[in-house]
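Working through the structure, step by step
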Amino acid sequence: METKLHVIRNPTPHKQMFLLPAEWEAAVAGWVDWLTTGGAPRTTIRTRRGHVRATARRLHSLAPDDVTTTQLVYLFGRQQWSNEHRRGLRTSLVAFYTWAIANNLAAFNPANGLPGVPESKPHPRPAPDRIWKQLLLAANARERIMARLACEVGLRRAEVARVHTRDLIEDFDGWSLIVNGKGSKQRVIPIPDDLAVEIQRGPGGHTIGRGRDGYLFPGNDNGHLSPAWVGTLIGDLMPDGWSMHKLRHRFATRAYAGSRNLRAVQEALGHASVATTERYTAVSGNEVRAAVLAAQNGNSAA
């Protein structure tokens, strides 16, 4: 009889994280170590870990090997979750149990029995001109730079939070910004000259090159503001139902409308897949009308 793997350490949970039974704590900690060893992005690890822990808590499970497919179906069937969340949760559970089986912590993968979840139809909602103008009027110097980085450069809130003074570079074509994206992947994005000037001056008006070097938005999250706080600062300047992420939708929609180059927009947003970029770009009624008229004109010409 094979001996089950037990992780030799007591994981210290986040201060806001609930405690699970010992076998679950050890299993999740071991899986997180495995994901970290494989170079998975921190954001992905945080999401996957949260999915597995929340499932164990909701099921009142004592150990990974006492969960059944029937229990998961019952749980999923009684939650008002979006398809996007269901897909992500199912993916996390399948991955966790694949690892658990390989390490003798479970006999089978109960998540494999869950039905596949169709991908949600994209509903991009770019912030309109009215909201963008109101935001700029209400923003202070620091918030203005944050908002412009999201709306005019397409940065995620986590990427905005990590902008460093050394990330601003100048070449023959003008100013660009080195963006530290998901999974420690970097990309270089051209930025407007006036935004480069705002970044050089900084939120406090101290120009780069005069002794100021560090994060553009210093804070207590590894030296910079946390992504959550950046999102809160900008979200508070917008009406209910709108968020900083909708500024990124605005960037994607306007960038595609101006260039008609989806691959270029994908590169600017830092997406691994064009399919993801398509979910960010809204199509206006005028564009649909133009497409229909173009088809009609083409048929008439034939």
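Just above, that's the structure.
Quick look at the structure, then. (Residues numbered from 1 in each chain as written. Predicted model: local features only at pLDDT ≥ 70, side-chain atom pairs only at ≥ 80, totals over all residues. Heavy atoms only, no water.)

1. Quick look at the pairing of strand E2 (residues 174–180)
For E2, the tally of buried residues reaches 5 of 7 residues, placing the bulk of the element in the interior. Relative to strand E3 (residues 186–190), E2 is paired through 5 bridges, and the arrangement is antiparallel. By the bridge assignment, Asn 180 is partnered in E3 with Gln 186. (Buried < 20%, exposed > 50% of the residue type's maximum accessible area, 1.4 Å probe, protein only. Helix = DSSP H or I, 4+ residues; strand = E, 2+ residues; numbered from the N terminus. Pairing = 2+ DSSP bridges.)

2. Quick word on the packing of helix H2 (residues 42–59) against helix H3 (residues 69–77)
Interaxial distance between H2 and H3 falls to 11 Å at its minimum, and their mutual angle equals 95°. Regarding the angle of H2 to H3, the classification is roughly perpendicular. Packed against H2, whose contacting residues are Thr 55, Arg 58 and Leu 59, the element H3 presents Gln 71, Leu 72 and Leu 75 at the interface. When its residues are assigned to classes, the contact of H2 with H3 shows 3 nonpolar, 2 polar and 1 charged. (Axes fitted to C-alpha atoms, helices over the stretch in contact; angles between N-to-C directions. Parallel < 35°, antiparallel > 145°, perpendicular 65-115°, else oblique. Contact = heavy atoms within 4.5 Å. Nonpolar A, V, L, I, M, F, W, Y, C, P; charged D, E, K, R; others polar.)

3. Side note on the nonpolar core
Ranked by internal contacts, the top residues of the largest apolar core, which has 41 residues, are Leu 149, Ile 191 and Leu 247. For this core, the secondary structure elements donating two or more residues are helix H5 (129–138), helix H6 (141–152), helix H7 (157–161), E2, helix H8 (193–201), helix H9 (227–235), helix H10 (245–259) and helix H11 (262–269). With sequence-adjacent residues up to four places away left out, Ile 191 is seen in contact with Val 153, Leu 168, Trp 175, Ser 176, Leu 177, Ala 196 and Ile 199. By size, the runner-up hydrophobic cluster in this structure holds 27 residues, among which are Trp 31, Leu 93, Tyr 97 and Trp 99. (Core = buried A, V, L, I, M, F, W, Y, C linked by side-chain atoms within 4.5 Å.)

4. Here we look at the sheet that holds strand E1 (residues 168–171)
Ordered in space as E1-E2-E3, the 3 strands form an open sheet in which the pairing is antiparallel. Edge strands, defined here as strands with exactly one partner in the open sheet, are E1 and E3. Within the sheet, the average angular offset between the axes of one strand and its neighbour, ignoring direction, is 35°.

The quantities given are spatial measurements derived from coordinates; they are silent on function.
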